[in-house]
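# Notes for the structure review
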Amino acid sequence: MTCWEIEEKAKYFTAFNGRFLTSFSDDHISQFVEDINDQQTFLIVDLRCPNTKHLLAAAGKLLYIKYRWLILDTEYLDSNHPDAEEQLQSISAKLADLPLLISSEIYLVIKEQEGSYRVEQIFKHSMDHPLAVESFATWINGSLLDERIAKVTSIRRLNLEGYTLKASLVVTSPDTLNHLTDYKDKHIDTITKVNYILTNCLVQHYMGARVNYSIVSTWGYFNTTTKRWDGMIGELSQNVADLGASPLFFTTDRIPVIEYVAMTSATRSKFIFRSPKLSFTENVFLLPFDNLVWICTTAVIILTSCLLVVTARAEWDVPLTVDDPTDGSILRASFRDTLLMIYGATCQQGSSTLPRSYSARTITMISFTVLMFLYVCYSANIVALLQSPSTKIRSLEDLLASRLKFGAHDTVFNRYYFTHAAEPTRRAIYERKIKQQDGSTNFIALEQGIDRIRKGLYAFHVEQGVGYKVMSETYQEDEKCGIQEIQYLQVIDPYYAIQKNSSFKEHVKIGLFRLNEHGIQHRENSNLYTKKPKCTGGGGKFVPVSLVDTEPAILVIVWGAGLAAAIFISELVWMRGVRAYQDWRGSHVVKIASTEYID
């Protein structure tokens, strides 16, 4: 991007071994389109050209991100007796007011003598700082001697020499400022305390800088009235802060205004609840047997009844003088009676009638024995199932369909995400479970929500480490069993954020990665976040049988009694109807007979 003639451009192309593929005669930076994949663009400009200063001023942030710049002053390069220091000072003076920040790749070519050139790089920590110069290479007769102490620019310029960075810190409780590093009240502003320590390590011990914190009360949400971001994101987007010392969730609406760098806190907010009893989600009276066992049991009852009917008919066909035909204890050749007898055996109720022959009694004895074993297995399974927790609630849909009550920790981000949920299931959870009919909401204090989880049949949305810390301190050992969790928020783990297009991006990114690799990040997360309590109470204490457990049996009684009453009323109505018809028919016949007699 120079004012050179084509022959002069060709000369420089040849000097650089033809590695530069494109030449632009236009000197307007607006022709370049920012592309996330465009990382190798190298621009050459000549300070002797009239529009170069305007070009560099218009470049703005492109001077320290994405592009590399080779800045020449051919007035000096064409000189036969140049003064290297004079060249450097002159070029630096012309560039002093430009944003050549610490991530910039600005190369200056300084002529020392014919055939010998020195390549220097210049940068500054901020717009208020003076330019710093570092040696890049020496060019002698076409050979380049690398003089860099480290090839990676961000490593080479790692030491910020006491420069003060500004960081934004989210604090929801005023007392947090008194306990940022002493690990007290770990369940309050946990994510802020973790990242406060990591930010200090990053800035002071890795980058050689200082940090000033500004305190805000929210992470930052877009205000539709003012059309601006508030909280920490507002400070980052308005260049008030360089670092977002409290990580935040990765959402698409925040991508245009901030830069996500690295994940520093592996924490998530989820619905936490104790597994309800199995009877709350299943009919325990149907669970002891597999479907095939139920089918086989039904087949045994029907087959045995049929065999007994056949043998009973054979018995009654052979007259036995020792038996009284009117004896009610002898099984009759009726499928209805035999089916009722076998059903009573299935329920271990015995039978008031017995067959006479040995073959029929053998069938009866075998049937009673088989059904006794089935009854024992069924009863044993029922006892175990009544004490078992349910594992059916595995998704948000299952949680919404359950009979559990809901609540959420009263925090800023919980209120925001619940009220702005658009996905149907999540929206239904807020409308039907969190929001009350009177307009109030179930956003409650942490200790209150954890206590309701302990009592059972309650799902509480809370940050995992925070909730588990209170659980481990307040729950009995048996109460720590059967704890389940289901994620509600459609976000990944919180990420550390910085200004958009920050010149410190590589410094912060590499520094955070090193904190993770060296174990410092893991240490702080382990110290401040409590893991899920382990179940060491032997699976929990004995749970008494409640009406919910016996609900299917009660329904059988209710429906059976109702059916019996309906049949009784039907029979009563039928018999009265038949009797009325008979009375009417009898009186009608008498009337006809009387009429015929008179005639």
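The structure this text deals with has already been given above.
Residues numbered from 1 in each chain as written. Predicted model: local features only at pLDDT ≥ 70, side-chain atom pairs only at ≥ 80, totals over all residues. Heavy atoms only, no water.

What follows covers the overall build of the protein. The helix and strand tally for the protein stands at 18 helices and 18 strands. When burial is assessed residue by residue, the protein has 43% of its 599 residues classed as buried. The long-range share in the protein, meaning contacts at least 24 apart out of those at least 6 apart in sequence, stands at 70%. Entry remark: accessible area of the protein is about 32,900 Å², with carbon and sulfur atoms responsible for 57%. (Helix = DSSP H or I, 4+ residues; strand = E, 2+ residues; numbered from the N terminus. Buried < 20%, exposed > 50% of the residue type's maximum accessible area, 1.4 Å probe, protein only. Contact = heavy atoms within 4.5 Å. Areas by Shrake-Rupley, 256 points an atom, 1.4 Å probe, with all protein chains shown as cover.)

Moving on, we get to the sheet that holds strand S7 (residues 164-170). Ordered by their spatial adjacency, 5 strands build an open sheet running S8-S7-S11-S18-S12, and the pairing between neighbours is mixed. Edge positions in the open sheet fall to strand S8 (210-216) and strand S12 (258-263), since each of these has one partner strand only. With strand direction ignored, the average angle separating the axes of adjacent strands in the sheet is 30°. Pairing of S7 with strand S11 (residues 243-248) involves 2 bridges; the strand directions are parallel. Residue pairing in the sheet places Ala167 in a bridge with Leu243 of S11. (Pairing = 2+ DSSP bridges. Axes fitted to C-alpha atoms, helices over the stretch in contact; angles between N-to-C directions.)

This next bit is on the state of the cysteines. Scanning the entire structure with this criterion turns up 2 disulfides. For Cys3, the disulfide goes to Cys49, at an S-S distance of 2.1 Å. On the sign convention where negative means left-handed, the S-S torsion of about -85° between Cys3 and Cys49 marks this disulfide as left-handed. Taken together, the residues span a long stretch of sequence, with Cys3 in the segment before helix H1 (6-15) and Cys49 in the loop between strand S1 (42-46) and helix H2 (52-59) at a distance of 46 residues. A residue is classified by how much of its surface remains accessible, and Cys49, at 7% relative accessible area, is buried. (Disulfide = S-S within 2.5 Å.)

A separate point is the side chain of Gln521. Within the secondary structure layout, Gln521 lies in helix H17 (residues 520-528). Not counting residues up to four positions away in its chain, the partners in contact with Gln521 are Leu198, Met263, Thr264, Leu512, Leu515 and Asn516.

Bringing the pairing of strand S4 (residues 116-123) into the picture now. When you tally the buried positions in S4, you get 7 out of 8 residues, the bulk of the element. Across 6 bridges, the pairing between strand S3 (residues 106-113) and S4 is antiparallel. The partner of Lys111 across the bridge, within S4, is Tyr117. Where S3 folds back onto S4 in an antiparallel hairpin, the turn is made up of 2 residues, including Gly115, whose phi is positive at roughly 85°. Pairing analysis gives 8 bridges linking S4 to strand S5 (residues 132-140), with the strands arranged antiparallel. Opposite Ile122, over in S5, you have Val133 as the bridge partner.

Enumeration over the complete set of coordinates arrives at 21 aromatic pairs. Here the aromatic residues Trp219, Tyr221, Phe249, Phe413, Tyr416 and Tyr417 are joined through ring pairs into a cluster of three or more. Above the face of the Tyr488 ring, Arg426 is positioned so that its terminal group lies 5.9 Å from the ring centre. (Phe/Tyr/Trp six-rings, centres within 6.5 Å; stacked < 30°, edge-to-face > 60°. Lys NZ or Arg CZ within 6 Å of the ring centre and 35° of its normal.)

As enumerated under the stated definition, the model contains 21 salt bridges in all. Across the pair Arg118 and Glu120 runs a salt bridge whose closest N-O atoms are separated by 2.3 Å. Among the residues examined, Arg118 registers a relative accessible area of 15% and is labelled buried. The salt bridge partner of Arg157 is Glu134, with a shortest N-O separation of 3.0 Å. Of the two residues, Arg157 sits in the loop between helix H5 (153-156) and S7 while Glu134 sits in strand S5, which places them 23 residues apart along the sequence. Neither Arg157 nor Glu134 differs from the other in exposure class; each is buried. Sharing partners across several salt bridges, the network here consists of Glu85, Glu112, Arg118 and Glu120. (Salt bridge = Lys/Arg side-chain N within 4 Å of Asp/Glu carboxyl O.)

Turning next to helix H4 (residues 84-95). With 12 residues, H4 should reach 16 Å at 1.5 Å per residue; the first-to-last C-alpha distance of 17 Å fits that figure. Of the residues making up H4, those classed as buried are Ala84, Gln87, Leu88, Ser90, Ile91, Ser92 and Leu95. Where H4 is buried, its residues contact H2, strand S2 (68-72), helix H3 (74-77), S3, S4 and S5. With a side-chain oxygen lying 3.1 Å from the backbone nitrogen of Glu85, the N-terminal cap of H4 falls on Asp83. (Expected span 1.5 Å × (residues − 1). Polar contact = N/O pair within 3.5 Å; in protein donor to acceptor, adjacent residues only side chain to side chain.)

Turning to the packing of helix H14 (residues 446-455) against helix H15 (residues 464-474), a few remarks are in order. Relative orientation of the contacting elements H14 and H15 amounts to 65°, with a least axis distance of 10 Å. The way H14 lies across H15 gives a crossing that is right-handed. Only Val466, Gly467, Val470, Met471 and Thr474 of H15 make contact with H14, whose side of the interface consists of Leu446, Ile450 and Ile453. A breakdown of the residues in the contact of H14 with H15 according to their chemical character gives 6 nonpolar, 2 polar and no charged. (Left-handed = near helix turned anticlockwise from the far one by under 90°. Nonpolar A, V, L, I, M, F, W, Y, C, P; charged D, E, K, R; others polar.)

This part is about a nonpolar patch on the surface. Together, Phe568, Ile569, Leu572 and Val573 make up an exposed nonpolar region whose accessible area comes to about 390 Å². Relative to the elements of secondary structure, Phe568 occurs in helix H18 (residues 551-598). Among the residues examined, Phe568 registers a relative accessible area of 52% and is labelled exposed. (Patch = residues over 30% accessible without salt bridge, like charges linked within 9 Å, V, L, I, M, F, W, Y side chains within 5 Å.)

Another aspect to go through is the sheet that holds strand S13 (residues 269-274). Strands sit in the order S15-S14-S16-S13-S17 across an open sheet of 5 strands; the sheet is mixed. Each having just a single partner strand, strand S15 (443-444) and strand S17 (483-487) make up the two edges of the open sheet. Strand direction decides the pairing type here: S13 and S17, joined by 5 bridges, are antiparallel. Across the sheet, Lys270 pairs through a bridge with Gln487, a residue of S17. Here helix H13 (residues 424-434) sits on the sheet and contacts S13, strand S14 (405-409), S15 and S17; the angle it forms with S14, its principal contact strand, is near 105°.

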